[in-house]
There are 2 protein chains.
Amino acid sequence: MDSKWKRIIVSAPGKVILHGEHAVVYKEPAIAASLDLRSYLCVEKRNDDKVSVQFPDVKLTAFWNTQDLKKLSIPKCDPLEPQPPSDELLSLFREFTQQKKDTTDPKDLAILAFLYLYTAMQSTDGELYPLDFKLMSQLPVGAGLGSSASLSVCLSAALLTVHGVIDQPCSSDADKVMFGQWSASHLEAINKLAHQAEKIMHGNPSGIDNSIATYGGAIRFQGGNIQKIDRIPELRILLTNTKVPRSTKALVADVRKKYYTYPEIFRPVMESFAAVTEKALETFRMMPRDSSTETTDLYSTFEDLVDINQNLLKLIGVSHSTLEQICQLTSDYGLHTKLTGAGGGGCAITLLRPDTDPDIIEEVQEKLRSCGFDCWKTVVGGPGVVTHFILTQQEQTLLNNLIS
Amino acid sequence: MDSKWKRIIVSAPGKVILHGEHAVVYKEPAIAASLDLRSYLCVEKRNDDKVSVQFPDVKLTAFWNTQDLKKLSIPKCDPLEPQPPSDELLSLFREFTQQKKDTTDPKDLAILAFLYLYTAMQSTDGELYPLDFKLMSQLPVGAGLGSSASLSVCLSAALLTVHGVIDQPCSSDADKVMFGQWSASHLEAINKLAHQAEKIMHGNPSGIDNSIATYGGAIRFQGGNIQKIDRIPELRILLTNTKVPRSTKALVADVRKKYYTYPEIFRPVMESFAAVTEKALETFRMMPRDSSTETTDLYSTFEDLVDINQNLLKLIGVSHSTLEQICQLTSDYGLHTKLTGAGGGGCAITLLRPDTDPDIIEEVQEKLRSCGFDCWKTVVGGPGVVTHFILTQQEQTLLNNLIS
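Procedures and definitions
- Residues numbered from 1 in each chain as written.
- Chains lettered and ligands numbered in written order.
- Predicted model: local features only at pLDDT ≥ 70, side-chain atom pairs only at ≥ 80, totals over all residues.
- Heavy atoms only, no water.
- Helix = DSSP H or I, 4+ residues; strand = E, 2+ residues; numbered from the N terminus.
- Rg over C-alpha atoms; globule rule 2.2 N^0.38 Å.
- Contact = heavy atoms within 4.5 Å.
- Areas by Shrake-Rupley, 256 points an atom, 1.4 Å probe, with all protein chains shown as cover.
- Lys, Arg positive; Asp, Glu negative; His and termini not counted.
- Charge placed at Lys NZ, Arg CZ, Asp CG, Glu CD.
- Buried < 20%, exposed > 50% of the residue type's maximum accessible area, 1.4 Å probe, protein only.
- Pairing = 2+ DSSP bridges.
- Least-squares fit on C-alpha atoms with pLDDT ≥ 70 in both.
- UniProt positions renumbered as here; feature names shortened; annotations may be inferred.
- pLDDT = per-residue confidence, 0-100.
- Axes fitted to C-alpha atoms, helices over the stretch in contact; angles between N-to-C directions.
- Parallel < 35°, antiparallel > 145°, perpendicular 65-115°, else oblique.
- Left-handed = near helix turned anticlockwise from the far one by under 90°.
- Domains from an automatic or database assignment.
- Buried area = accessible area lost by both parts, 1.4 Å probe.
- Nonpolar A, V, L, I, M, F, W, Y, C, P; charged D, E, K, R; others polar.
- Salt bridge = Lys/Arg side-chain N within 4 Å of Asp/Glu carboxyl O.
- Expected span 1.5 Å × (residues − 1).
- Arc of directions from axis to C-beta.
- Patch = residues over 30% accessible without salt bridge, like charges linked within 9 Å, V, L, I, M, F, W, Y side chains within 5 Å.

A. Layout of the overall build of chain A. Looking only at helices and strands, chain A has 13 helices and 13 strands in total. The C-alpha atoms of chain A give 22 Å as radius of gyration, which agrees with the globular expectation for 404 residues (22 Å, within 12%). Each of the three principal axes of chain A carries a C-alpha extent, and together these read 60 × 55 × 40 Å. Long-range pairs, those at least 24 residues apart, make up 75% of the contacts in chain A between residues at least 6 apart in sequence. In the form shown here, chain A has an accessible surface area of approximately 17,400 Å², with 48% of it arising from carbon and sulfur atoms. Of the charged side chains in chain A, 41 are positive and 49 negative; the average position of the first set lies 4 Å away from that of the second.

B. Main features of helix H7 (residues 208-215) of chain B. All names here are of chain B. Among the eight residues that make up H7, seven are buried, leaving the element largely enclosed by the rest of the structure. Restricting attention to buried positions, one finds in H7 the residues Ile208, Asp209, Asn210, Ser211, Ile212, Ala213 and Thr214. Tucked into the core, H7 has its buried residues touching strand S1 (7-19), strand S2 (30-45), helix H5 (147-162), helix H6 (184-202), strand S7 (218-222) and strand S8 (225-229).

C. Region of the structure containing the pairing of strand S7 (residues 218-222) of chain A. Residues and elements named next belong to chain A. Summarising burial for S7: four of the five residues are buried, a large majority. By the bridge criterion, four bridges tie strand S2 (residues 30-45) to S7 in an arrangement that is antiparallel. By the bridge assignment for S7, alanine 32 is matched with isoleucine 219. The sheet contact formed by S7 and strand S8 (residues 225-229) spans five bridges and is antiparallel.

D. Up close: the relation of the copies chain B and chain A. Mapping chain B onto chain A leaves a residual RMSD of 0.0 Å; the transformation is a rotation of 180° accompanied by 0.0 Å of translation along its axis. Here the transformation between the copies is reduced to the relation of a two-fold axis. Taking the C-alpha atom as reference, chain B places proline 268 of chain B closest to the rotation axis, 2.4 Å from it. Mapped onto chain A, 100% of the interface residues of chain B again fall at the interface, so both copies present the same surface.

E. Molecular detail of the UniProt feature "domain: GHMP kinase C-terminal" (unreviewed entry) in chain A. Feature annotation in UniProt assigns "domain: GHMP kinase C-terminal" (unreviewed entry) to the following positions: residues 300-368 of chain A. Segment residues 300-368 of chain A splits into 55% helix and 16% strand. End C-alpha atoms: 23 Å apart.

F. The confidence of the model for chain A, seen in detail. Taken residue by residue, chain A gives an average pLDDT of 92. The fraction at 70 or more is 98%. Both scores are given for the predicted complex: the pTM is 0.89, the ipTM 0.88.

G. Molecular detail of the packing of helix H2 (residues 87-96) of chain A against helix H3 (residues 106-120) of chain A. All names here are of chain A. Interhelical geometry of H2 versus H3 gives an angle of 110° and a closest axis separation of 10 Å. In terms of orientation, H2 and H3 fall into the roughly perpendicular class. By crossing handedness, the relation of H2 to H3 is classed as right-handed. Of the residues in H3, those touching H2 at Leu89, Leu90, Phe93, Arg94 and Phe96 are Leu112, Leu115, Tyr116 and Thr119.

H. Local environment of the domain arrangement of chain A. All names here are of chain A. Segmentation of chain A into domains returns domain 1 (7-224 + 383-403) and domain 2 (233-380). Across the contact, 26 residues belong to domain 1 and 37 residues belong to domain 2. Across the domain 1/domain 2 interface, buried area totals approximately 2,500 Å², and carbon plus sulfur atoms make up 66% of it. Among the residues of domain 1 in contact with domain 2, His19, His22 and Tyr26 are the three that bury the most area, contributing 29% of the side total.

I. Structural view of the packing of helix H10 (residues 296-315) of chain A against helix H10 (residues 296-315) of chain B. Remark: H10 of chain A packs on H10 of chain B, axes separated minimally by 9 Å, with the N-to-C direction vectors making an angle of 180°. With respect to each other, H10 of chain A and H10 of chain B are oriented roughly antiparallel. Residue-level inspection shows Ile308, Asn311, Leu312, Lys314 and Leu315 of chain A of H10 of chain A in contact with H10 of chain B, the latter providing Ile308, Asn311, Leu312, Lys314 and Leu315 of chain B. Per-class residue counts for the contact of H10 of chain A with H10 of chain B are six nonpolar, two polar and two charged.

J. Here's a closer look at unusual backbone geometry. Residues and elements named next belong to chain A. Backbone geometry places lysine 27, a non-glycine residue, at a positive phi of 65°. Within the element layout of this structure, lysine 27 appears in the loop between strand S1 (7-19) and S2. Unusually for a residue other than glycine, aspartate 102 sits at a positive phi of about 60°. Its place among the elements puts aspartate 102 in the loop between H2 and H3. Relative accessible area serves as the criterion here: at 62%, aspartate 102 is assigned to the exposed category.

K. Quick look at the interface of chain B and chain A. At the interface, 20 residues of chain B touch 20 residues of chain A. Carbon and sulfur atoms supply 68% of the area buried between chain B and chain A, which totals about 1,700 Å² over both sides. A per-residue breakdown of the area chain B buries against chain A is headed by Tyr262, Ile265 and Leu315 of chain B, which together make up 34% of the total. Among the salt bridges present, the one from glutamate 324 of chain B reaches lysine 314 of chain A, with a minimum N-O distance of 3.9 Å. Looking at the side of chain B that touches chain A, the elements that each hand over two or more residues are helix H9 (263-286) and H10 of chain B. Top contributing element to the side of chain B that touches chain A by residue count: H9 of chain B, with 10 residues. Across the side of chain B that touches chain A, the residue classes tally to 11 nonpolar, three polar and six charged.

L. Structural view of helix H12 (residues 358-370) of chain B. All names here are of chain B. If you check H12, its first and last C-alpha atoms are 18 Å apart, about what 13 residues at 1.5 Å a residue would give, namely 18 Å. The set of residues buried in H12 consists of Ile361, Val364, Gln365 and Leu368. Within H12, the buried residues cover an arc of 100° as seen down the axis, which keeps them to one side. Seen from the open side of H12, the exposed residues pointing more than 90 degrees away from its buried face are Asp359 and Ser370. On its buried side, H12 packs onto strand S9 (235-241), helix H11 (321-331), strand S11 (347-352) and strand S12 (374-380). Within two residues after H12, glycine 372 carries a phi angle of roughly 95°, on the positive side.

M. Focus on a nonpolar patch on the surface. All names here are of chain A. Residues Met178, Phe179 and Ile390 make up a contiguous nonpolar surface patch of roughly 220 Å² in combined accessible area. Examined against the element boundaries, methionine 178 turns out to sit in the loop between helix H5 (147-162) and strand S6 (179-180). Using a relative accessible area of 31% as the deciding quantity, one classes methionine 178 as partly exposed.

N. Main features of the side chain of histidine 22 of chain B. Looking at where histidine 22 of chain B falls in the secondary structure, it is placed in the loop between S1 and S2. Discounting chain neighbours no more than four positions away, the residues touching histidine 22 of chain B are Leu251, Val252, Val255, Leu313, Ile316, Val318, Gly341 and Ala342 of chain B.

This is the structure:
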C-alpha cells in the first residue's frame, strides 16, 4: 500500500435496460446502458487494525479486526483470475458473521460480497489493511437498476488499487481533471472480480450489470454474449420508480407460461422485440457526434421504438397499472415511456428530446412525484467506474457525510 | 308472382370480425361471424302501380311509378349471374332520382342499390311489381357491423323469391316452424346478387359481409378467399358501440405506414395475429356440440385470445381511449374485450361465458350505457338470411310499425 495515499473515492453507475428485457430469455438481443445515478465509495486508511463498513443503503454497519479475518483459512485467490466464491468460503463467512443460512436480506448478502472481495486481496501482498469503507448510492436497492453491481465494481476497483494490483489513474492538479478512468486491461480486472462478487448477491448473474458499472456506455447482449456498443449517444431520460415491489423470477415464469401455451403467437412477438432492439442500435449508430446536428427524425424513431416496445411488453403481460399511469401521464405532455427491466412495477424510463422544454420536464416530474413515485432526471450512456480527483459541488454535497 | 302471396318478411344478420381485422390487409387470415342483430325487410303487395321504400335507418322514404322505371333502358341482367352495376346504369339511376354525382350519403347509396336490385328483376319475368319495401334494422349504420350487407341480402332474397327465381322455403302451420332457410343453391344466388349491390355501397367490398348475412355462422377469409367454418359455437357477447366515428380507410393507411416504416418489427406482429386467428379456429373445432359438456378451459383460451388480440391491435395503433375504457371496465368484472373491425372507435365485443352471472351482465351493460355507449347482449354464430313464417313476440314488437 502506497504510504502517501490517505483516501480514495470511486464511483460506478447503475444500469437500465433500454430494449429487449424478457426477450433475452428467449435468446433475443437486448441493450443495456449506464445510468447517471451512481454509487460512491469512499475508502480511507485507519490508524488501528480494524476494518469498517458503512453501507447505509442496505442498512449495513459493521467492523472487524483485520487479525480475526486473517485467521480465517481463506483459500488463495488470484484477483486477476478470481475463482467463483465457493460454498465453503461463504459458509465460513456466514459463521464468522453469525448469519443464518439461505438469508436473502440485501444487508447479509452485501456483507458476504464485501468479505469475499476484502479477504481475496490477502493473496496479492499478504495484507488485509485497516480501512474504512463508506458507501453513498443514488440508486434505489432492488429496483433492477444494478445497485449491487455498482457496489461490487466500486469495491473491486478500490481494493485492486489499494493493493497495487492495478494502478490508480494519474492526475496532476494542473490538469484540473475531475476524475480518472482505468486502462482497458485494468477495467477488465475490475469487471471480472466484480462479476464474482455479483454471484454472491444474485446467484447466476448475466454479467450485464457489472459490465455496465465498469465500462459505462451501452452494451448489446444476447445468449450470454456481451458486446460493447461503440457509439451510444448520451440520452436524457426521466427515470421513475413506481416503488411497486415485484419478483423478476415470477414475471419471467409468467411470460414463459404464456410462451409455451401459445408458442405460435409469442414466438413472432419475441422476433418483434428483437427487431425493436436492432432498430434502436441502428438508430444509435446514425446519431451524430456533433450535438448541433439535427436529430429530430432520429428522436422520432427512438420515441416510436419506446412506444412499440411498451406495447409489446404489455402484450406479454409484464406491464402494471402504475406503469400504464406513467405512460399516460407523460404521453399527455408528448413524452414517450416504457417500463425497464422485469416490469410488473419497478421502474419506467421516459425519453427526453434535446429540446424538451425544461418547464415541461419540471412539471412532469412534479406530477409523477405527486402520484407517489420517485423520479430522477438523468442521463444514460455516461462513464463507467472512475476515481475522483476533484468532486463537483453536487458530489461534495452528496458525500458530505462520508468524507467529513 | 304467386297470386296467393300477400306479404313476406325476411331477415338477415349483421357481422362482427372476431379475429384478424387489419391482418387481412397483409394476407393473413381472419374470422367473421354472424351477429344476432338483424335487419328485417317486410315486402307487401300494393294495389296500385307504385313501388315504395321506407328504410328509416338511413332516413330514406321514396316511391316511384313502376311504369316510369320500366321506361328506363336497363340492360338485361341474369340475376343468377349478375353483372356488376355499370357506371352507365348508376348514372341513369342518379339522373332518375336527381342525385348529385359522387354522393356518399348512405341514403343515396341505398336508393341506388335498391333500384339496381329492383330493376334487375325485369330480366326474369319482364315485370316490375308494385310493392312496399319496409326495413327495420337492429344494426347501427356505419359501425362496421355489416348493416348495408344485411339490407342487400334481404332485398336480394325477397326479390328473387317474389319473381320466382328461387322458391320460398316451405312451411305448414302444423309444423309451428318459425322461419325457413333457403337451399344451398338458392343461398348462393342470394349472396351473388347481394355482393353486386354491396359494390354500389362500398366500392370494392370483400364479400365477407354479404357472405355472413347470407350464410350466418362464421367464415375464415384470407387473401380474397372465403371459407365457411363448419363448427362455430354460438358465443354470447356484449357488443358495445362507442359511437366514435372513424375512417376505416385512414386507420388502414396508418397501419400501413407503420408497417412499411418498421417492416422487421411489424411483419412478425402480423404473424402473431395470424396465429391468434388459427388458435381460435382450432378452439372452435374443439367446442362440444352438447351444451352440457364442460367448456371452462376452452373459454379460458377464448379469453386469452381476446386479450392478446386487443393488445396486438393496440400495438399497431388502432385502439382508442373509449375502447380502452370498455376493456378496463369489463375487466373489472372479469370479462374480456377486444375492438372489432377497424378500431379507432367503432365497436367492441366482450366475451360472455355460458355461466357468466346475468346480474353481472346487467350491471356491466348499465355501466357501459352510463358512459354514453350503446350496448347489446347478443350472440354470434346464428343463422343467415331467413324468411319468417311466425314472428316471435320480440320480433312482433320490433316490426309493429312495419306490418300494421
